[in-house]
Amino acid sequence: MIHRCYDKKERNYLECSVCAEWLTYSNFKKWHTANYILNWELDKDLLVKGNKVYSPQTCCFVPQEINKALTKTNAKRGEYPIGVTESYNKYKKFRAQIELENKKVSLGYFHNVEDAFFAYKTAKEEYLKTLANKWKDHLDPRVYKALCNYQVDITD
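Residues numbered from 1 in each chain as written. Predicted model: local features only at pLDDT ≥ 70, side-chain atom pairs only at ≥ 80, totals over all residues. Heavy atoms only, no water.

1. Here's the deal with the side chain of Lys 44
Assignment of secondary structure puts Lys 44 in the loop between strand E2 (41-43) and strand E3 (53-54). Among the residues examined, Lys 44 registers a relative accessible area of 9% and is labelled buried. Leave out the neighbours within four places in its chain, and Lys 44 touches Tyr 13, Cys 16, Asn 51, Lys 52, Tyr 54, Thr 58 and Cys 59. (Helix = DSSP H or I, 4+ residues; strand = E, 2+ residues; numbered from the N terminus. Buried < 20%, exposed > 50% of the residue type's maximum accessible area, 1.4 Å probe, protein only. Contact = heavy atoms within 4.5 Å.)

This is how it looks when you write it as structure tokens:
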């Protein structure tokens, strides 16, 4: 976590930081011991969308499947909103697709970016609700609620 935030080679985390409390390892260790679930991953921005600070109030542990579903690959995106690419269909210019269980799934072809994005948004939010219900009995109630209420924005 500290390496991610403060090593200049970690381009995806340059704007992130660690709260003052967790800069003392024993404080982080106490929180970690109380919250860690074997093989789950630390997440800083599900409970507070867009959050850039690792802290006890903003972090949680989630299964890798959920963490991966929330990961955004801005470097690969290109000029269109998340989930939208230019298509080579001669009648419809934009394609919406989503990654589900490591497979890209086409959501269709559209005449405009907005319709393609809406297809992606709808599918992604539904998928996150499905994951929330799949893991409900094991999730922190705050995580379950955040997944069920997650809103994909065109600026994501």
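2. As for the environment of Ala 123
Here Ala 123 shows up in helix H5 (residues 113-135). Exposure remark for Ala 123: the relative accessible area of 22% places this residue in the partly exposed category. Spatially, the C-alpha atom of Ala 123 lies 7.5 Å from that of Ile 98, the residues being 25 residues apart in sequence. In this structure Ala 123 touches Ile 98 and Leu 107, once residues within four positions along its chain are discounted.

3. Topic: the nonpolar core
One recurring pattern in soluble globular proteins is that nonpolar side chains are buried together. Ranked by internal contacts, the top residues of the largest apolar core, which has 41 residues, are Trp 22, Leu 46, Tyr 54 and Leu 147. Residue assignment for this core shows that the elements contributing at least two residues are helix H2 (25-35), strand E4 (60-62), helix H3 (64-70), strand E6 (94-100), H5 and helix H6 (141-148). Tallying contributions element by element places H5 first for this core, with nine residues. Once you skip the residues sitting within four places of it in the chain, Leu 46 turns out to touch Val 62, Leu 70, Val 143, Ala 146, Leu 147 and Tyr 150. (Core = buried A, V, L, I, M, F, W, Y, C linked by side-chain atoms within 4.5 Å.)

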